[in-house]
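Residue-level structure breakdown
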Amino acid sequence: MTKTLVIAEKPSVAQDIVRALTPVAGKFEKHEDHFENERYVVTSAVGHLVEIQAPEEFDVKRGKWSFAHLPVIPPYFDLKPVDKTKSRLNAVVKQARRKDVTELVNACDAGREGELIFRLIEQYAGGAKGGLGKPVKRLWLQSMTPQAIRDGFENLRSDQQMQGLASAARSRSEADWLVGINGTRAMTAFNSRDGGFFLTTVGRVQTPTLSLVVEREEKIRKFVSRDYWEIHAGFHAEAGEYLGKWFDPKWKKSDDPEARADRVWSYHQAKDIADAVRGKAATVTEESKPTTQASPLLFDLTSLQREANGKFGFSAKTTLALAQSLYERHKALTYPRTDSRALPEDYLPVARQTFEMLAGSPMGHLAPFARQALQDNYVRPSKRIFDNSKVSDHFAIIPTLQAPSGLSEAEQKLYDLVVRRFMAVFFPSAEYQVTTRISQVVGHSFKTEGKVLVKPGWLAIYGKEAANEVEDGKAGDKGQPLVPVKPGEMTHTEFAEAKGLKTKPPARYSEATLLGAMESAGKQIDDEELRSAMQEKGLGTPATRAAIIEGLLTEKYMLREGRELIPTAKAFQLMTLLRGLDVQELCRADLTGEWEFKLAQMEKGQLSREAFMQQIQAMTEKLVKKAKEYDRDTIPGDYATLATPCPNCGGVVKENYRRYACTGASGAGEGCGFSFTKSPAGRTFETAEAEQLLRDRRIGPLEGFRSKAGWPFVAEVTIARDEEAGNYKLEFDFGDDKNAEESGEIVDFAGQESLGSCPVCGAHVYEHGSNYVCSKAVPTAQQPTPSCTFKSGKVILQQPVERTQMSKLLATGKTDLLDKFVSMRTRRAFKAFLAWDKEAGKVNFEFEQRESKYPPRKTAAAKTGAASARGTGAGAVKASKPATKAAAKKAAAKTTAAKTPRKASTAAGKAPSAQLAAVIGTEPVARPEAVKKLWDYIKAHNLQDPQDKRTIVADDKLRAVFGKDRIGMFELAGILGQHLA
């Protein structure tokens, strides 16, 4: 019998699909990496399993990043497995290649990235053929409820229908590779011309986004505040007092962006007006009319991220993660990675059912409004809500028919936000009575505005929250009722005063406002309808914008201070370079927004993939050519002059593109030769830091430096006298204490989560500085004198050691196989496990055991001396070499002898119990291998508690092994011992 293979994006989605299909397709049997019944095989990726790379003959390794090898434009792209998920890829490919599997269903997330994840896996599985040649259909899910999944399988899309999206997905991936790789290598080559290695990353979307933040900061820095005055007056009428503000009724917009109808630029003019009207009679005219304010539109992802950032301070990344959890895990929201703010026209019955669910839900603060909407028939057809022309691949984010339970506080906040918005859009508009009163006094006009909420409408759902606290709300002033003035009544000007104020610079971007700027490619668009029309020309997509912002923060191009995003000196230096090289596409957000628009056209079949990629190739070649051919000494830019004089001759020190340099007493000459680099070891000084360094001759310790080998380090920087050169120079000062842990400073681990138990003394292990350390290995308030020695670097020979890997080492004795170590001697990459060496009392390398038909080389033992993973975090300490051949032989014999009785060999052949065999198979196995297989099973079936990753939630098979429903990860090894005979 032939079967259909369904490939989901994540294990949890595969489980949901199995649960949804079981009632209609029969029971599924659970296997290690998939589910299967008579009709379907269901498996999953874990995000991207395959990535593109240049073929070997076209690739340029990091050591050869020079203009001679650029641009890199391969005629085609090879595929390579993502290192961390090779085993999962092999499992998926194995199922795809089965002879009884005759059809594939792409059940990855319904969007561009989900399409790419599947297409690359399918291509990789086909090998040289470039695809398996099996028919493909597309499952397109907007909601994760069981019925929505079943409906999706009833309406699978054809492969032909998905070609536009597939082309756009591949083009986006290849375009980002071409611009990112070539741009980064070209800018790095340019910045490294004077020696060293100054990594300068750029990206097709990342860099134009950064330009928005830099341009805003430049406006703030150049802003010159101006004084202006407003004239405020109080008027007495028969019914009471009211206030008014002077304005010029003849005012028209001009080239002055700061000008307003109610601003006066001269104190004397403002004072003269106040003096002229004070105590005088005023004639009054007024106009009163009703106005309405509709609720904001439904959420798309960007508007949800903006609202959550403004209301709760959630980052865009956090909001996306919460929305994804509410969609995927709790089935409470529809698909979140959407750019639509409308629903399909046939969705009215579902909307009514959703209100019925909310009306009966335990959410007491919202259920009454849902009941009111049903009773008063608010849920009706409306083009503002139900409009097929405004629905792209996905519709707006709304609650599903499934009432959630067990939400975290943050998830509940976001869910409430979406539910309120969903209900509000069906409620009537808020109604106001707005009165505009003009009081005229001796030829001068004063305006008074009153605004009274007559019917709250949708605002009732938000309770005491003012309308202007709701996104897109334009209620404006919370105007009070005005005292009435009779027709023809003259009022009296009780007081008048000139109030002095100052113009303010534009506000810095927050994540909310930056997301809005990315959406409109930098164009300041307040109108909601216009902003919607601009979305297709935005920077990135709703699904990628959070990652772009996080990437800029990670690369230290921006800092997050409170809710403000502030560009660093590194960001200004990059923008100066790109502007100087005239690389407009990476400087101007609107130009790059055009690329995104073209990808959207490609999705709709309106633009060919070939035409788009030719444009990207031309852009890449131009970018590299501009950098390669630039022959001037410096890049023109807006550079600083330091206040502190040159330490050598007292001349003026000025900034240029690469350095801070003495320019002589006049500030325009050659100077005495004193200078220091702006970016030592790849870290760029802020202007204030350069000023402090020159003034105090010392600054730090500073973080963010990188050695030539790529290791991060912390150091103080000094300006020291170089007697041989007869001048001053910049130097690093590491001090006597190479390790912050040994500085004697009391360390507080409160609030940190332990990674596990110390293998030396059993105390908790935490992150500290650049290491993982035992809490008893550093001075703490409880134990000022350290008593333990356990410490292991977070980066070892250029291999980052993630928290999960250190937790695994502490729990099981060793990490997974890690493959990014780089030998200090040969500079070659190698693979190894990190393992606790009890005899040596430290973390060491353990190499993969491989069977060979050849006898081992005599020198092999000498080469297996593991480097200690203890140290400063910059890498493992190199093992010492035997001084003589005799010593080498002796060491080899000792190593061989030590290797023979390893635990692995004594444990080999231990048979698993029947309960354990149901999970890891019946083959005899050593305990470390059993632990590894068990962890693979736990991860593949998503059995870690999402709230506490250290807790394993047992399924039926594991319950038989554990004897209970939940265990801590540190119990695992002990329990396994009982099942290995």
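Keep in mind it's a predicted model, so treat the numbers as computed, not measured.

1. Re the overall build of the protein
- What the protein contains, in helices and strands, is 28 helices and 35 strands.
- Counting only residues that meet the buried cut, the protein has 50% of its 981 residues in that class.
- Counting contacts in the protein only where the partners sit at least 6 residues apart, residues at least 24 apart contribute 66% of the total.
- As presented, the protein carries roughly 47,400 Å² of accessible surface, and 51% of it is formed by carbon and sulfur atoms.

2. What about the nonpolar core?
- One finds Met187, Leu210 and Leu581 to be the most contacted residues of the largest nonpolar core, which totals 83 residues.
- Excluding residues within four positions of it along the chain, Leu210 makes contact with Leu552, Tyr557, Met558, Ala571, Leu574 and Met575.
- In this structure, Phe314, Tyr347, Ala373 and Val434 belong to the second largest nonpolar core, which totals 52 residues.

3. Topic: the sheet that holds strand β32 (residues 842–846)
- Read from one edge to the other, the open sheet built from 3 strands follows the order β30-β31-β32, with strand pairing classed as antiparallel. Pairing within the sheet leaves two strands with one partner each, and these edge strands are β30 (818–822) and β32. Taking the axes of each pair of neighbouring strands and ignoring which way they run, one obtains an average angle of 60° across the sheet.
- Direction of pairing for strand β31 (residues 829–837) relative to β32: antiparallel, over a ladder of 5 bridges. Counterpart to Ala835 in the pairing with β32 is Asn844.

4. A closer look at the packing of aromatic side chains
- Applying the stated criterion to the full structure yields 30 aromatic pairs.
- Look at Phe676 and Phe685: their rings are 6.2 Å apart centre to centre, the planes differ by 75°, and that puts the pair in the edge-to-face class. Accessibility classification places Phe676 together with Phe685 in one group, the buried group.
- An aromatic cluster of at least three residues, connected via ring pairs, comprises Phe355, Phe386, Phe422 and Phe426.
- One cation-aromatic arrangement involves Arg226 over Trp265; the distance from NZ or CZ to the ring centre is 4.0 Å.
- Above the plane of the ring of Phe705 lies Arg683, whose end atom (NZ or CZ) is 5.8 Å from the centre.

5. Considering helix α6 (residues 206–222)
- With 17 residues, α6 extends 25 Å from end C-alpha to end C-alpha; this agrees with the ideal 24 Å at 1.5 Å per step.
- For α6, the tally of buried residues reaches 13 of 17 residues, placing the bulk of the element in the interior.

6. Some details on the packing of helix α13 (residues 511–519) against helix α15 (residues 545–554)
- Running from N to C, α13 and α15 cross one another at 120°; their axes reach a closest spacing of 11 Å. Accordingly, the angle class assigned to the pair α13 and α15 is oblique. The handedness of the crossing between α13 and α15 comes out as right-handed. Taken together, the residues of α15 that come into contact with α13 (itself represented by Glu511, Leu514, Leu515, Met518 and Glu519) are Arg545, Ile548, Ile549 and Glu550.
- Among the residues making up the contact of α13 with α15, the classes are represented as 5 nonpolar, no polar and 4 charged.

7. Overview of the sheet that holds strand β13 (residues 430–441)
- Spatially, 6 strands are ordered β10-β11-β14-β13-β12-β15 in a closed barrel, and the strand pairing comes out antiparallel. Mean inter-strand twist for the sheet, computed between neighbouring axes without regard to direction, equals 35°.
- In this structure, strand β12 (residues 281–293) lies alongside strand β15 (residues 490–502), joined through 3 bridges in antiparallel fashion. Bridge pairing links Thr283 to Met490 in β15.
- Contacts from helix α7 (residues 267–277) reach β10 (227–237), β11 (240–247), β13, β14 (444–455) and β15 within the one sheet, and its direction differs from that of β15 by about 165°.

What counts, and at which threshold
- Note that residues are indexed from 1 along each chain, following the sequence as it is written.
- With pLDDT at 70 or above as the cut-off, local features in this predicted model cover only qualifying residues; side-chain atom pairs require 80 or more to be listed or tallied, and sums for whole chains, interfaces and linings still use all residues.
- No hydrogens and no water enter the side-chain calculation; it runs on all heavy atoms of the structure.
- Only DSSP runs of H or I with at least four residues qualify as helices, and only runs of E with at least two residues qualify as strands; both kinds are numbered from the N terminus onward.
- Only protein chains enter the area calculation, which uses a 1.4 Å probe; residues under 20% of their type maximum are buried, those over 50% are exposed, and those in between are partly exposed.
- Throughout, a residue-residue contact means that at least one pair of heavy atoms, one from each residue, lies within 4.5 Å.
- Residue exposure ignores everything except the shown protein chains as possible cover, and the areas themselves are Shrake-Rupley values with a 1.4 Å probe.
- Within this scheme, the nonpolar core is defined by two criteria: the residues are buried Ala, Val, Leu, Ile, Met, Phe, Trp, Tyr or Cys, and they are joined through side-chain atoms within 4.5 Å.
- Here the rule is simple: two strands pair whenever DSSP picks up at least two bridges between them.
- Only the contacting stretch of a helix is used when fitting its axis, a line to C-alpha atoms as for every element, and angles between N-to-C directions run 0 to 180 degrees.
- Ring pairs shown here join Phe, Tyr and Trp side chains whose ring centres sit within 6.5 Å, with only the six-membered ring taken for Trp; geometry is labelled stacked below 30 degrees between planes, edge-to-face above 60, and tilted in between.
- A positively charged side chain is recorded as over a ring if its NZ (Lys) or CZ (Arg) lies within 6 Å of the ring centre. The angle to the ring normal must also be within 35 degrees.
- Multiply 1.5 Å by the residue count of a helix minus one, and that product is the helix's expected span.
- Here is the rule for angles: anything less than 35 degrees is roughly parallel, anything more than 145 is roughly antiparallel, 65 through 115 is roughly perpendicular, and the remaining ranges are oblique.
- When the near helix sits turned anticlockwise from the far one by under a right angle, the crossing is termed left-handed; a clockwise turn instead gives a right-handed crossing.
- Residues are grouped as follows: nonpolar covers Ala, Val, Leu, Ile, Met, Phe, Trp, Tyr, Cys and Pro; charged covers Asp, Glu, Lys and Arg; every other residue, Gly included, is treated as polar.

All quantities given are derived from atomic positions and should not be read as evidence of function.
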